[in-house]
Amino acid sequence: VQLQAFGGGLVQAGASLRLSCAASGRTFSRYAMGWFRQAPGKEREFVAAISWSGGNTNYADSVKGRFTIARDNAKNTVRLQMNSLKPEDTAVYYCAAEETDWVIQNSGEYDYWGQGTLVTVSS
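So, here is what we can say about the structure in this document. Note that the structure is predicted; figures quoted are calculated from it, not measured.

### Focus: the nonpolar core
Now for step 1: Counting residues in hydrophobic clusters, the biggest one holds 37 residues, and the most contacted among them are Met 33, Trp 35, Leu 80, Met 82 and Tyr 93.
Now for step 2: Counting residues per element, the ones that place at least two in this core are strand S1 (2–6), strand S3 (17–24), strand S4 (32–38), strand S5 (45–50), strand S7 (67–72), strand S8 (77–82), strand S9 (91–98) and strand S11 (117–122).
Now for step 3: Excluding its chain neighbours within four sequence positions, the residues that come into contact with Met 33 are Leu 3, Cys 21, Phe 28, Ala 48, Ala 49, Ile 50, Ile 69, Arg 71, Val 78, Ala 96, Ala 97 and Tyr 110.

Here it is, written out as structure tokens:
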């Protein structure tokens, strides 16, 4: 499956932004999806994940209550709605896919990755 993430940009602290990830090439509904991010000089970290049905989700503690992951299997997309953004949310955000129904937090378990989209939150 091929993934393309988009929707990043420069926003002020407190603003909202919605990232999207478009998938193509395979049956999207068979894939659990995840969002990860990597800030400059830091390791890639888990942000959110969703099962292939959309019925189960999981979030990093740092984004819980502010970010929402959702998917539209009819449109082969997964979105990350980010509210109340903070400067520490600044990073390149990546979407990832794995052919499983589990909700996966470990980046090493994902086989497919998008190219990343940059989110910059100014203070």
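### Some words on the pattern of salt bridges
Oppositely charged side chains are able to pair whenever their charged atoms sit close together.
Now for step 1: Counted according to the given criterion, the structure contains 5 salt bridges.
Now for step 2: A salt bridge links Asp 61 to Lys 64; its shortest N-O distance comes to 3.1 Å.
Now for step 3: One salt bridge connects Asp 89 with Arg 66, and the closest N-O pair in it is separated by 2.7 Å. Taken together, the positions of Asp 89 in the loop between S8 and S9 and Arg 66 in the loop between strand S6 (57–59) and S7 put the pair 23 residues apart, joining distant regions of the chain. Each of the two residues, Asp 89 as well as Arg 66, counts as buried.
Now for step 4: If you follow the salt bridges from partner to partner, you end up with Arg 37, Glu 45, Arg 66 and Asp 89 in one network.

### Some remarks on the side chain of Ser 51
Now for step 1: Tracing the sequence through the fold places Ser 51 in the loop between S5 and S6.
Now for step 2: With a relative accessible area of 0%, Ser 51 lands in the buried category.
Now for step 3: Setting aside residues up to four positions removed in sequence, Ser 51 forms contacts with Ala 32, Asn 56, Arg 71, Asp 101 and Val 103.

### Side note on the packing of aromatic side chains
Now for step 1: If you walk through the whole model with that rule in mind, you get 5 aromatic pairs.
Now for step 2: The structure contains a cluster of three or more aromatic residues connected by ring pairs, namely Phe 36, Phe 46, Tyr 110 and Trp 113.
Now for step 3: Sitting above the plane of the Trp 113 ring, Arg 44 keeps its charged end 4.6 Å from the centroid.
Now for step 4: The lysine or arginine in question, Arg 71, covers the ring of Phe 28, its NZ or CZ lying 4.4 Å from the ring centre.

What counts, and at which threshold
- Residues numbered from 1 in each chain as written.
- Predicted model: local features only at pLDDT ≥ 70, side-chain atom pairs only at ≥ 80, totals over all residues.
- Heavy atoms only, no water.
- Core = buried A, V, L, I, M, F, W, Y, C linked by side-chain atoms within 4.5 Å.
- Buried < 20%, exposed > 50% of the residue type's maximum accessible area, 1.4 Å probe, protein only.
- Helix = DSSP H or I, 4+ residues; strand = E, 2+ residues; numbered from the N terminus.
- Contact = heavy atoms within 4.5 Å.
- Salt bridge = Lys/Arg side-chain N within 4 Å of Asp/Glu carboxyl O.
- Phe/Tyr/Trp six-rings, centres within 6.5 Å; stacked < 30°, edge-to-face > 60°.
- Lys NZ or Arg CZ within 6 Å of the ring centre and 35° of its normal.

Worth remembering: the numbers are spatial, not functional.
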